[in-house]
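Here are the chains, one letter per residue:
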Amino acid sequence: MYCTRKLTEQVWWVGGSDRRLALFENLFPITRGVSYNSYLILDEQTAVVDTVDSSISRQFLENVLHTLDGRPLDYLVINHMEPDHCASIETLLLRFPTLKLVGNAKTFAFMGQFYDFPLDGRTVTVKEGDTLSLGGHTLQFHMTPMVHWPEVMMTYESSEKLLFSADAFGSFGATGGNLFNDELNFDRDWLDDARRYYGNIVGKYGLQVQAALKKLSGLDIAMICPLHGPIWRSNLDYLLNKYDKWSRYEPEERAVAVLYASMYGDTENAVNLLAAGLADSGVKNIAMHDISSTHVSTLISEVFRCSHLVLAAPTYNNGVYPAMATFLHDMKALGLQNRTVALVENGSWAPVSGKLMREMLGELKGFQVLEPVVSLKSALKDSSLEPLFQLRDRILDSLNG
Ligand SMILES: Cc1cc2nc3c(=O)[nH]c(=O)nc-3n(C[C@H](O)[C@H](O)[C@H](O)COP(=O)(O)O)c2cc1C
């Protein structure tokens, strides 16, 4: 049975959600599931904007057929050629013999790489600024490469000011009935997943996101329709500001995240003391994560959120404790920038994790390491307190500075 929602008089949401998938991209835990949004415009001509993942293809087809109510589908706009949005292209081609696919040159190159269905005479290739009239609705295409694949474009519908934004402005999390941002508590229920989605999926491409935001600033947008998560029809500046901050690698909050590793509890003891000292000095909302039990995508998300990080790890086989090394590697791979970091190292015979963490952070742009780097040899002693308190004070100076 169909399950759709109306965006405007002639525009429908025909997507769905998957709550069974454990790992998005077989990598990112999605305990709240994920939605795959697709949109259908009913005008003199009809158009679907992007399809969905194979997990919900049956629901999608029912939604499309119901909404078309016997009419043919004239166009399928493909803003993004990633398979989680493309699984139903062939089904639609087979179902609607006059259907034309709308994409850019790269879209169709990728399509040939992923799929074998024949495309002869069934494609409309668009480039920056091209328009396609459906009757009362006009689609305009804007190339936004690397947000987050090279072929990505956004489609702007000018009569109702709708922006179909591909993966940009999306979020992990299944939608359940409530689809529009004004129907749900975004700050409470969605922001963490939206940030985690941005940071890990799009986060590497801050420059390209900035270029896209610049392009979009010339458009009068009433609704942002992403491929995952809620649709935005109010308070758009809230979301645009988050994207602006995230893509400039500016912290969202002046806040401390303590990200530590520990086998026997000594490094953990040190960061607990440090955090308690910060709290005694008035620092609120300190986030503390054991990085061995926190998925690295959450750690990355915390870096996007917080201005100050405490990284603490034991030395392990003359290297950095593996979970910390993985996290640092991920930060580098995503090109994170501009954070202030306090370091705590531990080791029972030759601690080097502090030096190594510093070296790895040195490869990141705009990362500032606070002194002193606290060096522990196994369990904390009275003599460990002074350097820890010094570090606490440096963090406070920096936070309040
Ligand atoms: C497999 C393994 C390798 C280690 N390698 C080193 C090392 O190369 N250098 C060192 O000083 N300590 C090394 N250690 C010791 C730990 O770094 C040290 O005991 C530290 O205090 C543990 O901190 P924790 O209590 O927070 O787990 C190693 C420990 C283990 C289990």
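In the nomenclature of an unreviewed UniProt entry, the protein corresponds to Flavodoxin-like domain-containing protein from the organism Flavonifractor plautii 1_3_50AFAA. Quoted verbatim from the Cofactor (unreviewed entry) field of the UniProt record, the comment on the protein reads "Fe cation". The record held by UniProt for the protein lists under Sequence similarities (unreviewed entry) the comment "In the N-terminal section; belongs to the zinc metallo-hydrolase group 3 family."

> What's the story with the confidence of the model for the protein in this structure? I'm lost.
Low pLDDT marks regions whose predicted coordinates should not be analysed in detail. Mean pLDDT over the protein stands at 97; residues scoring 70 or higher make up 100%. Predicted complex metrics record ipTM = 0.99 and pTM = 0.96.

> Sorry if this is basic, but what is going on with the UniProt feature "domain: Flavodoxin-like" (unreviewed entry) in the protein here?
In the UniProt entry, the feature "domain: Flavodoxin-like" (unreviewed entry) is given for residues 256-396. Here residues 256-396 is 44% helix and 24% strand, with 10 Å between the C-alpha atoms at its ends.

> Help me understand the site of the ligand in this model?
Taken together, 19 residues surround the ligand, and among them Met263, Tyr264, Asp266, Thr267 and Gly347 come closest. Among the secondary structure elements, those contributing two or more residues to the shell around the ligand are helix H8 (266-280) and strand S19 (306-316). In terms of residue class, the shell around the ligand is made up of seven nonpolar, 10 polar and two charged.

> Quick question: what am I supposed to make of the domain arrangement of the protein here?
It is common to report an interface's size as the accessible area lost on association of the parts. Domain annotation for the protein reports domain 1 (5-248) and domain 2 (256-400). The interface of domain 1 with domain 2 comprises 10 residues on the first partner and nine residues on the second. Counting residues per element, the side of domain 1 that touches domain 2 draws most heavily on helix H5 (residues 191-202), at five residues.

> I tried to follow the pairing of strand S17 (residues 253-260) on my own but got confused; where do I start?
Moving residue by residue along a regular strand, the side chains alternate between the two faces of the sheet. Pairing between S17 and S19: six bridges, direction parallel. Bridge pairing links Tyr260 to Ala312 in S19. Taken together, the four bridges between S17 and strand S18 (residues 287-290) define a ladder with parallel strand orientation. The residue bridging Ala257 from the neighbouring strand is Ala287, located in S18. Once you follow S17 into H8 and on to S18, the crossover reads as right-handed.

> Help me understand unusual backbone geometry in this model?
Where the residue is not glycine, phi is negative for most of them; where a peptide bond is considered, it is trans in most cases. Here Val147 and His148 are connected by a cis peptide whose omega angle stands at 10 degrees. Secondary-structure assignment places His148 in the loop between strand S13 (138-143) and strand S14 (153-157). A positive phi is found at Glu25, a non-glycine position, where the angle reads about 55 degrees. Residue placement: Glu25 occurs in the loop between strand S4 (23-24) and strand S5 (28-29). C-beta crowding within 10 Å serves as the criterion here: with 11 such atoms nearby, Glu25 is assigned to the exposed category. A positive phi is found at Phe169, a non-glycine position, where the angle reads about 70 degrees. The topology assignment puts Phe169 in the loop between strand S15 (162-164) and helix H4 (186-189).

> Would you take a moment to explain the sheet that holds strand S12 (residues 131-133) for this structure?
Sheet strands pair by backbone hydrogen bonding; their relative direction is either parallel or antiparallel. Across the sheet, five strands lie side by side as S12-S13-S14-S15-S16; this open sheet has mixed pairing. In this open sheet, the two edge strands, each paired with only one partner strand, are S12 and strand S16 (223-225). Recorded for the sheet is a direction-independent mean angle of 20 degrees between the axes of neighbouring strands. Alignment of S15 against S16, held across three bridges, turns out to be parallel.

Cut-offs applied
- Residues numbered from 1 in each chain as written.
- Predicted model: local features only at pLDDT ≥ 70, side-chain atom pairs only at ≥ 80, totals over all residues.
- UniProt positions renumbered as here; feature names shortened; annotations may be inferred.
- pLDDT = per-residue confidence, 0-100.
- Helix = DSSP H or I, 4+ residues; strand = E, 2+ residues; numbered from the N terminus.
- Near = placed C-beta within 6 Å.
- Nonpolar A, V, L, I, M, F, W, Y, C, P; charged D, E, K, R; others polar.
- Domains from an automatic or database assignment.
- Contact = placed C-beta atoms within 7 Å.
- Pairing = 2+ DSSP bridges.
- Right-handed = clockwise from strand over helix to strand, strands pointing away.
- Buried ≥ 20, exposed ≤ 12 C-beta atoms within 10 Å, placed from the backbone.
- Axes fitted to C-alpha atoms, helices over the stretch in contact; angles between N-to-C directions.

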